[in-house]
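Spelled out from the first residue to the last, the chains are:
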Amino acid sequence: DSGVTQTPKHLITATGQRVTLRCSPRSGDLSVYWYQQSLDQGLQFLIQYYNGEERAKGNILERFSAQQFPDLHSELNLSSLELGDSALYFCASSPQGARRTDTQYFGPGTRLTVL
Amino acid sequence: GENVEQHPSTLSVQEGDSAVIKCTYSDSASNYFPWYKQELGKGPQLIIDIRSNVGEKKDQRIAVTLNKTAKHFSLHITETQPEDSAVYFCAASIRGGGADGLTFGKGTHLIIQP
């Protein structure tokens, strides 16, 4: 158990809908990262937040957005969902998020199915 | 941006034998190279990592080597056991462990034959 928690574990929704995925980092970790894992694209970095501020951006679609709250939990919002958005979404956390020695610890993931 | 290639995509070895997984990266500025193990239904778990100022690192049965000139790094697992069966991912980062997102390889499905 990495100490990173994600809810819900599974989510089934329809095309065009909007969903919110939630992540709680390990106790004391200030950085949160979001990744998408699909069969065709593999594991892809979406976005990083550090202590409430956006720190780095990867291949995140404009339909997707994220935020990190004062208690350091993070939410990933996915809107206008398409069939191709079906994937596993992972959250990871690291202690500082600005130091080269930090390790990223992954949560168990949320499986999103878009019908 | 960074691109990480990983080979092979599937590797089957006899229990007790060694397994080697290889990765290459494209951006010479990359300086952090972790390896993750992912079991079915779980998130990736860090098993070992190496930084660009080190050529080799070992942790019990697991070792990683890095060749910066050739831009490739490898995972070596010795005396393989059934619990080593999983998907293994290599990754690279330009800014270092916690300072940026990781670029992952496509993964290697390691099968340990009894």
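For the structure, check the block above.
Here goes a summary of the coordinates provided. Note that the structure is a prediction, hence the values are computed from the model and not measured. Per chain, residue numbering runs from 1 following the sequence as it is written. Chains and ligands are labelled by the order in which they are written, letters from A for the one and numbers from 1 for the other. The model is predicted, so local features are restricted to residues of pLDDT at least 70 and side-chain atom pairs to those at 80 or more, both for listing and for counting; the totals for chains, interfaces and linings are taken over all residues. Side-chain measures were taken over the full set of non-hydrogen atoms in the model, leaving aside hydrogen atoms and water.

### What about the pattern of salt bridges?
All names here are of chain A.
Item 1. A carboxyl oxygen of Asp or Glu within 4 Å of a side-chain nitrogen of Lys or Arg is what we treat as a salt bridge. Enumeration over the complete set of coordinates arrives at eight salt bridges over all chains.
Item 2. Of the charged contacts in the structure, one is a salt bridge between Arg 26 and Asp 29, with a shortest N-O distance of 2.8 Å.
Item 3. Residues joined in a network through salt bridges with shared partners are Arg 63, Glu 82 and Asp 85.

### Here we look at the state of the cysteines
Item 1. Here, two cysteine sulfur atoms that lie within 2.5 Å of each other are counted as a disulfide. Using the criterion set out here, one finds two disulfides over all chains in the structure.
Item 2. For Cys 23 of chain A, the disulfide goes to Cys 91 of chain A, at an S-S distance of 1.8 Å. Where Cys 23 of chain A bonds to Cys 91 of chain A through sulfur, the torsion about that S-S bond is close to -50°, and the disulfide is left-handed. Separated by 68 residues along the polypeptide, Cys 23 of chain A in strand 3 (residues 19-24) and Cys 91 of chain A in strand 9 (residues 87-94) bring together distant segments of the chain. Cys 91 of chain A shares its class with Cys 23 of chain A; the two are buried.
Item 3. Across the disulfide from Cys 23 of chain B sits Cys 90 of chain B; the S-S distance is 1.9 Å. Handedness of the Cys 23 of chain B-Cys 90 of chain B disulfide follows from its S-S torsion of about -100°: it is left-handed. Of this pair, Cys 23 of chain B sits in strand 3 (residues 19-25) while Cys 90 of chain B sits in strand 9 (residues 86-92), placing them 67 residues apart in sequence. Comment: elements are numbered from the N terminus, with helices defined as DSSP H or I runs of at least four residues and strands as E runs of at least two. Only protein chains enter the accessibility calculation, which uses a 1.4 Å probe; a residue is then buried when its area is under 20% of its type maximum, exposed when over 50%, and partly exposed in between.

### Here we look at the sheet that holds strand 6 (residues 56-59) of chain B
All names here are of chain B.
Item 1. Paired strands, as defined in this entry, are two strands with at least two bridges between them according to DSSP. One open sheet holds the five strands; their spatial order is 1-3-8-7-6, and the pairing between them is antiparallel. Edge positions in the open sheet fall to strand 1 (4-7) and strand 6, since each of these has one partner strand only. The mean inter-strand angle of the sheet, taken between neighbouring strand axes irrespective of direction, is 15°.
Item 2. Bridge analysis of strand 6 against strand 7 (residues 62-67) gives four bridges, and the strand direction is antiparallel. Following the sheet pairing, Glu 56 is matched in strand 7 by Thr 65. Angles shown run from 0 to 180 degrees and are taken between the N-to-C directions of axes, each axis being a line fitted to C-alpha atoms and, for helices, limited to the stretch in contact.

### Observations regarding the sheet that holds strand 7 (residues 64-68) of chain A
Residue and element names in this part refer to chain A.
Item 1. Reading across the sheet, the four strands line up as 1-3-8-7 and stay open at both edges, with antiparallel pairing between neighbours. For this open sheet the edge positions go to strand 1 (5-7) and strand 7, each flanked by a neighbour on one side alone. The mean inter-strand angle of the sheet, taken between neighbouring strand axes irrespective of direction, is 15°.

### Some points on the interface of chain B and chain A
Item 1. With 23 residues of chain B at the interface, the matching set in chain A holds 25 residues.
Item 2. Note on terms: buried area is the combined drop in 1.4 Å-probe accessible area of two parts once they are placed together, counting the loss on both. Both sides of the chain B and chain A interface together cover about 1,600 Å² of buried area, and 48% of this is carbon and sulfur.
Item 3. Connecting chain B to chain A are zero salt bridges.
Item 4. N or O atoms within 3.5 Å of each other form a polar contact, as long as, within protein, one can give a hydrogen and the other can take it, and as long as residues adjacent in sequence are counted only when both atoms are side-chain atoms. The interface formed by chain B and chain A includes five residue pairs in polar contact (both at pLDDT 80 or more).
Item 5. Within the residue set of the side of chain B that touches chain A, elements represented by two or more residues are strand 4 (32-38) and strand 5 (45-51) of chain B. Contacts are assigned to residue pairs with any non-hydrogen atoms lying within 4.5 Å of each other.

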